[in-house]
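# Fold and contact review
The chain contents come next:
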Amino acid sequence: MLTKLIAACLVLVAVLPSIASAEAYALRTVVPGDSVGVIAERYHVTVDSVLGANQLESSLIRPGDVLRVPYVAAIGGPLGESVATPPGFRWYSLGRGETLSSVASRFGLGLNALVGANPDISSLDRLPAGYELLVPPSAGLVVRLGEGESVLDLLASYGLDPATFARANGLRSPFDVVPGMLLFLPKVVPTDALARLQKVREAENRYVWPIHGRLTSYFGPRNLGMGTSSFHRGVDIAAPSGTPVGAARGGTVTFAGWSTQGYGNLVRIRHADGSEAWYGHFSSISVSVGQYVNQGDRVGRVGSTGLSTGPHLHFEVHESNGNARDPLAVLP
Ligand SMILES: [Zn+2]
């Protein structure tokens, strides 16, 4: 038995000097619990091919042995040298007015693919212009290999086979990786990132009251007396003149000035989903067109400008198609 062990080790040692020039092999250090069968299965190659590549007479291996795994043969040929970022990726600087969705469709990708390549982004809808996005060649998840993290364990946790992984990353072997390297896990859906970003989006899309006050007029048809009626496209909230009005939702100011349609001093703010909030009758306006305002930021002060019978805020909510909707349906 002892003789056999020594013999096996000698064979391995004899093989090792030629490994440097070996092509199409992964080097695998045997760890406790490994067997030729286990290794062969992990690389999706046959036991015989592992035995043959190492000129082993038997499948006797020991922890610390270094085996050649004829792995590239299984994935269709030699691959290029390992690179810092997976092949087929490119950086893209987010342009003004561009969204994740528009960038994704520009590159023929789904939104999930873009999220998978950038799983640490803070928002689906509020990335600033100039933000550098990694654009993947296809859907999958990009992860950074942690210090001391086993690439095989990582692949196993995502149910990925090493051959697919190596091919997608332009690696000769799945072990040609170093901590900190960006790794592409093809077809892996970024479920954690998507769940987190969905919560962020819901929070971003929530409205708050722009001011607190008594509702003096509701959304809908309203009788003006003397047989005339009109449709009131928002709600009126009474408050003393000069009361600061906060943005009900964050967004970009698309109009700030005098309205010819009776709103007086009007501010319109467009939100990331294309909807808008309109704030009318201001005594003074605190924002300018093109400015991004966060939820709660002051947009103006309550007044009675335009067609108004007293100090109040006229507040409208428009859907992305332009239709006005009842603000009470979105306010908490
Ligand atoms: Zn009104």
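Refer to the structure printed above.
A short tour of the structure in this document, coming up.

The next thing to look at is the nonpolar core. Nonpolar side chains in soluble globular proteins tend to end up buried together. Core analysis: the largest hydrophobic core is formed by 22 residues, its most contacted members being V267, I269, A277, Y279, V299, L313 and F315. Listed by contribution, the elements that provide at least two residues to this core are β10 (234-238), β12 (251-258), β13 (265-270), β14 (276-282) and β18 (312-318). With four residues, the top contributor of residues to this core is β14. Excluding residues within four positions of it along the chain, A277 makes contact with A248, R249, I269, F315, E316 and V317. In this structure, L100, L133, L155 and A166 belong to the second largest nonpolar core, which totals 19 residues.

Positionally, E149 belongs in the loop between β5 (140-144) and α7 (151-157). Considering only alpha carbons, one finds E149 and P179, 30 residues apart in sequence, at a separation of 7.6 Å.

Relative to the assigned elements, S173 resides in the loop between α8 (162-168) and β6 (182-186). Distance from S173 to A163, taken between C-alpha atoms, is 8.1 Å for residues 10 residues apart in sequence.

Let us now look at the pairing of β18. Counting buried positions along β18 yields six of seven residues, so the element is predominantly enclosed. As paired strands, β10 and β18 are joined by five bridges and run antiparallel to one another. Counterpart to I237 in the pairing with β18 is L313. Judged from the five bridges that link them, β14 and β18 form a sheet pairing that is antiparallel. Bridging from a neighbouring strand, Y279 pairs with F315 of β18. Note: β18 against strand β19 (residues 324-325), two bridges, orientation antiparallel. Bridged to H318 within β19 is A324. Two successive antiparallel strands, β18 and β19, enclose a turn made up of five residues, where G322 displays a positive phi of approximately 95 degrees.

Another aspect to go through is unusual backbone geometry. Although it is not a glycine, Q55 sits at a positive phi angle of roughly 50 degrees. Relative to the elements of secondary structure, Q55 occurs in the loop between α3 (47-53) and β2 (66-69). For Q55, a count of 11 C-beta atoms within 10 Å corresponds to the exposed category. Residues other than glycine seldom take positive phi values, yet H281 does so here, at roughly 70 degrees. Structurally, the position occupied by H281 is in strand β14.

Here the focus is the sheet that holds strand β15 (residues 284-285). Read from one edge of the open sheet, three strands run β11-β17-β15, paired in antiparallel fashion. Either end of the sheet is taken by a strand with one partner, and the two such strands are β11 (244-246) and β15. Across two bridges, β15 lies against strand β17 (residues 298-301) in antiparallel orientation. Directly across from S284, in β17, lies its bridge partner R301.

Basis of the calculations
Residues numbered from 1 in each chain as written. Predicted model: local features only at pLDDT ≥ 70, side-chain atom pairs only at ≥ 80, totals over all residues. Core = buried A, V, L, I, M, F, W, Y, C linked by C-beta atoms within 7 Å. Buried ≥ 20, exposed ≤ 12 C-beta atoms within 10 Å, placed from the backbone. Helix = DSSP H or I, 4+ residues; strand = E, 2+ residues; numbered from the N terminus. Contact = placed C-beta atoms within 7 Å. Pairing = 2+ DSSP bridges.

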